[in-house]
Amino acid sequence: MTDHIVVAAAVENPLGFVPVEFALSLVTFGILFFLIWKFVAPRFEQTFAERTQAIEGGIAAAESKQAEADAKLAELEKQLGDARHEAARIREEAREQGARIVAEMRETAQAESSRIVEHGKAQIEAERQQAITSLRAEVGTLATGLAGRIVGESLEDEARQSRVVERFLTDLEAQNGTTTGSVN
Amino acid sequence: MTMKTGITMAAEGEGYVAPGPASFDFSEVPLFELGGLAVTKPMVQLVLGAVIVFAFFYAAFRRASIVPGRLQFAGEAAYGMVRNSIGRDIIGSKDFAKFVPYLVALFFFLLINNAFASIPAIQFPTFSRASMAYALAGLSWVIYNGVGIHKHGLIGYLKLQSVPSGVSPVMYPLLVPLEFFSNILVRPATLALRLFANMFAGHLLLILFSTGGLFLIEYGGIGYVAGPLAWVLAIAISFLELLVQFLQAYVFTLLNAMYISGALADEH
Amino acid sequence: MDGNLNMIGYGLAAIGPGVGIGLIFAAYISGVARQPEAQGRLQSIAILGFALAEALAIIGIALAFVL
């Protein structure tokens with residue numbers, strides 16, 4: 001052991017305390033710590049916080065945009081549904097209206113046609129009556145003239161003439177009663 | 001005994017000088033002097049490590065924007081890993097925020113300085129100098145105790161750390177000193193020594209296999225087979241060391257977070 | 001061959017923590033295999049147990065150099 005101690009004096013014990021190195025280590029590390037604490041850590045924390053904020057802000061913005069888009073889509077779909085509904089309603093209405101118009105027009109045309117027919121009938125009747133009346137007068141005159149000439153008897157006397165014609169016509173009518181009815 | 005014989009043998013030009021604690025002693029070969037103070041390689045590395053860490057983070061966050069560039073993305077991934085998986089998960093989301101700069105600085109400072117062991121032309125783990133590890137462990141001891149005392153008061157904090165809950169008071173005489181010893185005294189020591197020992201042993205192993213391989217090849221005979229084999233092993237160990245370097249930085253930071261979280265706990 | 005008896009002592013002392021750390025991580029792995037969602041909680045407990053067990057090995061290495 002004594003031998004060893006002598007050697008240890010020559011060669012430094014590796015666990016020996018060297019004040020210079022101790023102090024240097026302390027000071028160097030102290031300065032490094034100070035610089036890291038002063039310059040590096042705040043920058044890192046700041047960047048980190050900013051990034052977190054940026055990401056969170058981005059997510060929030062994206063979420064609000066998404067919600068907005070969803071709302072808009074729902075609204076559009078609702079509008080589309082309304083429009084479809086409306087279109088169906090209008091189509092239905094139009095169909096109804098069309099049917100009504102057609103029916104109305106048919107009715108009008110019917111009425112018009114029957115009116116025209118009616119009018120025509122009335123006119124025909126009137127004209128027939130007129131024809132009958134004028135014929136009656138004409139036939140009377142002609143017949144009287146003709147008969148006078150044939151008979152040679154003067155039929156100039158108004159009263160007698162009229163009586164003869166009336167009688168003739170009445171006979172005629174009585175004779176042709178059925179024929180006249182079928183014409184009408 | 002060891003080194004003395006080793007040195008004499010080396011002087012005689014025969015035999016193999018096994019690497020030992022002397023491989024980690026730069027006090028005889030300072031790089032330069034600064035105000036009468038010998039500046040050694042580990043000291044320069046320590047400062048360089050801090051500069052690299054700060055330069056990386058400053059460059060990453062100088063023009064921080066919401067949509068990160070490539071460098072900013074790397075910086076955020078690195079910062080976020082410590083912030084979330086060490087800070088937030090261990091300390092809890094309530095009050096982890098004020099410890100994040102400490103944890104981030106600690107983790108990357110350790111990581112870079114450990115990685116120096118594998119970076120060509122440097123190839124020396126800074127924290128295989130025990131005093132440097134002592135400093136960080138001492139700082140963490142001050143921080144977690146300070147945080148605990150600030151929250152619970154001195155008496156409340158000591159009670160929190162040394163009186164175990166859920167144990168009958170009969171056991172207190174046995175457990176209270178043990179808990180106090182374990183939570184207040186052993187923690188910083190193990191924190192520093194774990195880092196130191198891992199870095200020290202890993203580097204020692206690498207030196208051993210590299211120089212040993214060279215010696216064997218020069219020795220000739222069976223050495224022509226064994227020497228290259230040793231170098232292959234050295235390469236394999238280098239990859240293992242990369243893992244250990246990361247793991248030690250991670251564990252150191254994680255334990256810091258746990259100690260802080262334990263000091264902040266209401267009742268455990 | 002030259003060396004230091006302390007180092008043999010340390011090698012012996014490291015057996016215990018080595019076994020302990022192995023047990024801790026074995027339990028951690030099987031715990032995670034059974035309940036993968038509990039990994040976060042188990043991890044911190046496992047690391048804490050690992051730190052406590054390794055403390056013994058670390059005390060050993062310290063004593064090996066100091067004594």
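Scoring rules and cut-offs
Each chain has its residues counted from 1, running along the sequence as written. The order in which chains are written sets their letters, starting at A; the order in which ligands are written sets their numbers, starting at 1. Given that this is a predicted model, residues contribute local features only at a pLDDT of at least 70 and side-chain atom pairs are listed and counted only at 80 or more, while totals for whole chains, interfaces and linings are drawn from all residues. To get the side-chain values, take all heavy atoms of the structure and skip hydrogens and water. Residue contacts are counted whenever heavy atoms from the two residues lie within 4.5 Å of one another. Once two parts are joined, some of their accessible surface, as seen by a 1.4 Å probe, is lost; buried area is that loss totalled over both. Definition used for salt bridges: Asp or Glu carboxyl oxygen within 4 Å of a side-chain nitrogen of Lys or Arg. Polar contact is the term for a pair of N or O atoms within 3.5 Å; when the atoms are in protein, one must be able to donate a hydrogen and the other to accept it, and sequence-neighboring residues count only if both atoms are side-chain atoms. Numbered from the N terminus, helices here are DSSP runs of H or I no shorter than four residues, and strands are runs of E no shorter than two. Under the scheme applied, nonpolar residues are Ala, Val, Leu, Ile, Met, Phe, Trp, Tyr, Cys and Pro; charged residues are Asp, Glu, Lys and Arg; polar residues are all the others, including Gly. Burial status follows relative accessibility: with a 1.4 Å probe on protein chains alone, a residue under 20% of its type maximum counts as buried, one over 50% as exposed, and anything between as partly exposed. The predictor's confidence in any single residue is recorded as pLDDT, a number from 0 to 100. Take the buried Ala, Val, Leu, Ile, Met, Phe, Trp, Tyr and Cys residues and link them wherever side-chain atoms come within 4.5 Å; each set so joined is a nonpolar core. A residue counts toward a patch only above 30% relative accessible area and without a salt bridge, and it is joined to like-charged neighbours within 9 Å or, for Val, Leu, Ile, Met, Phe, Trp and Tyr, to nonpolar neighbours within 5 Å. Methods summary: accessible areas were calculated by the Shrake-Rupley approach with a probe of 1.4 Å, and residue burial reflects only the protein chains presented. The axes used here are C-alpha line fits, helices contributing only the stretch in contact, and every angle between their N-to-C directions lies in the interval 0 to 180 degrees. Geometric relationships in this document are graded by angle, where less than 35 degrees denotes roughly parallel, more than 145 denotes roughly antiparallel, 65 to 115 denotes roughly perpendicular, and other angles denote oblique. Whether a crossing is left-handed or right-handed is set by the direction in which the near helix is turned from the far one by less than a right angle, anticlockwise for left-handed and clockwise for right-handed. We call Phe, Tyr and Trp rings a pair once their centres come within 6.5 Å, taking the six-membered ring for Trp, and we label the pair stacked below 30 degrees between planes, edge-to-face above 60, and tilted otherwise. Only lysine NZ and arginine CZ atoms are considered, and such an atom sits over a ring when it is within 6 Å of the ring centre and within 35 degrees of the ring normal. UniProt positions are given in the numbering used here, feature names are shortened, and annotations may be inferred rather than shown by experiment.

A. Region of the structure containing the interface of chain B and chain C. Taken together, the contacts link 19 residues of chain B with 15 residues of chain C. Interface of chain B and chain C: buried area, both sides summed, is about 1400 Å²; carbon and sulfur atoms make up 76% of it. Linking chain B with chain C are 1 salt bridge. Residue E54(C) is joined to R194(B) by a salt bridge in which the shortest nitrogen-to-oxygen separation is 2.3 Å. One can count 2 residue pairs in polar contact (both at pLDDT 80 or more) joining chain B with chain C. Contributing elements (two or more residues each) for the side of chain B that touches chain C: α1 (2-12), α6 (172-219) and α7 (223-264) of chain B. Here the residues of the side of chain B that touches chain C are counted per class, giving 13 nonpolar, 5 polar and 1 charged.

B. Representation of the interface of chain B and chain A within the structure. Across the contact, 46 residues belong to chain B and 34 residues belong to chain A. Both faces considered, chain B and chain A share a buried interface measuring about 3800 Å² in area, 73% of it formed by carbon and sulfur atoms. When the area that chain B buries against chain A is broken down by residue, the three leading residues are F54(B), I66(B) and S131(B), summing to 16%. Connecting chain B to chain A are 3 salt bridges. Ionic pairing is found between R83(B) and E45(A), a salt bridge with its closest N-O pair at 2.9 Å.

C. Focus on the side chain of T40(B). Mapped onto the secondary structure, T40(B) falls in the loop between β2 (37-39) and α2 (41-62). Classification of T40(B) as buried rests on a relative accessible area of 5%. What T40(B) contacts, discounting residues up to four positions off in sequence, is E21(A), F26(B), S27(B), P30(B) and L31(B).

D. Structural view of the confidence of the model for chain A. Residues and elements named next belong to chain A. Predicted confidence across chain A gives a mean pLDDT of 83, with 86% of residues reaching 70 or more. Confidence, expressed as mean pLDDT per element, reaches its minimum in chain A at helix α1 (residues 2-10) with 44 and its maximum at helix α2 (residues 19-151) with 90. Note that residues 1-9 has pLDDT below 50 and, in this model, 9 contacts with residues that lie over four places away or in other chains.

E. Spotlight on the nonpolar core. F57(B) and F127(B) are the most contacted members of the largest nonpolar core, which has 78 residues in total. Put simply, the parts of the chain that give this core at least two residues each are α2 of chain A, α2, α3 (70-91), α4 (100-115), α5 (130-162), α6 and α7 of chain B together with α2 (39-66) of chain C. By residue number, the principal contributor to this core is α7(B), which donates 13 residues. Those residues in contact with F127(B) that sit more than four places away from it in its chain are S25(A), L46(B), F109(B), L110(B), N113(B), N114(B), M132(B), A133(B), L136(B), L195(B), F196(B) and M199(B).

F. Just a nonpolar patch on the surface, in detail. All names here are of chain B. A cluster of nonpolar side chains, I149, L154, I155, L158, F180, F181 and L185, forms an exposed patch at the surface whose accessible area comes to about 630 Å². Locating L185 in the fold gives a position in helix α6. A residue is classified by how much of its surface remains accessible, and L185, at 45% relative accessible area, is partly exposed.

G. Representation of the environment of Y134(B) in the model. Within the fold, Y134(B) resides in helix α5. Once residues lying within four places of it in the same chain are set aside, the contact partners of Y134(B) are L15(A), G16(A), F17(A), F22(A), A192(B) and L193(B). Within the structure, Y134(B) has its side chain in polar contact with the backbone oxygen of L15(A) (distance 2.7 Å).

H. Just the confidence of the model for chain C, in detail. Overall, the prediction assigns chain C a mean pLDDT of 86, with 94% of residues at 70 or greater. Per the prediction output, this complex has pTM 0.70; the corresponding ipTM is 0.86.

I. Geometry of the packing of α2(B) against α4(B). Residue and element names in this part refer to chain B. In the contact formed by α2 and α4, the axes pass within 9 Å of each other and the chain directions differ by 125°. In terms of orientation, α2 and α4 fall into the oblique class. α2 and α4 meet at a crossing whose hand is right-handed. From α2, Q45, L46, G49, A50, I52, V53 and F57 reach across to α4, where they touch V104, F108, F109, I112 and N113. Considered class by class, the residues forming the contact of α2 with α4 number 9 nonpolar, 3 polar and no charged.

J. Seen up close, the packing of aromatic side chains. Across all of its chains, the model carries 29 aromatic pairs over all chains by this definition. Residues F44(A) and F61(B) carry aromatic rings whose centres are separated by 5.5 Å and whose planes lie at 85° to one another, so their mutual orientation is edge-to-face. Placement of F44(A) in helix α2 and of F61(B) in helix α2 is noted, with the two residues assigned to different chains. Of the two residues, F44(A) and F61(B), both sit in the buried class. Geometrically, the ring pair formed by F246(B) and Y250(B) is stacked, given 6.1 Å between the ring centres and 15° between the ring planes. Of this pair, F246(B) and Y250(B) are both found in helix α7, 4 residues apart, which corresponds to roughly one turn of the helix. On the basis of relative accessible area, Y250(B) is assigned to the buried category, the value being 13%. Within the aromatic cluster, the residues linked to one another by ring pairs are F44(A), F48(A), F56(B), F57(B), F61(B), Y79(B), F107(B), F108(B), F246(B) and Y250(B). The lysine or arginine in question, R83(B), covers the ring of F48(A), its NZ or CZ lying 4.8 Å from the ring centre.

K. Examining the UniProt feature "transmembrane region" (unreviewed entry) in chain C more closely. Residues given the UniProt feature "transmembrane region" (unreviewed entry) here are residues 12-33 and 45-66 of chain C. Here residues 45-66 of chain C is 100% helix and 0% strand, with 31 Å between the C-alpha atoms at its ends.

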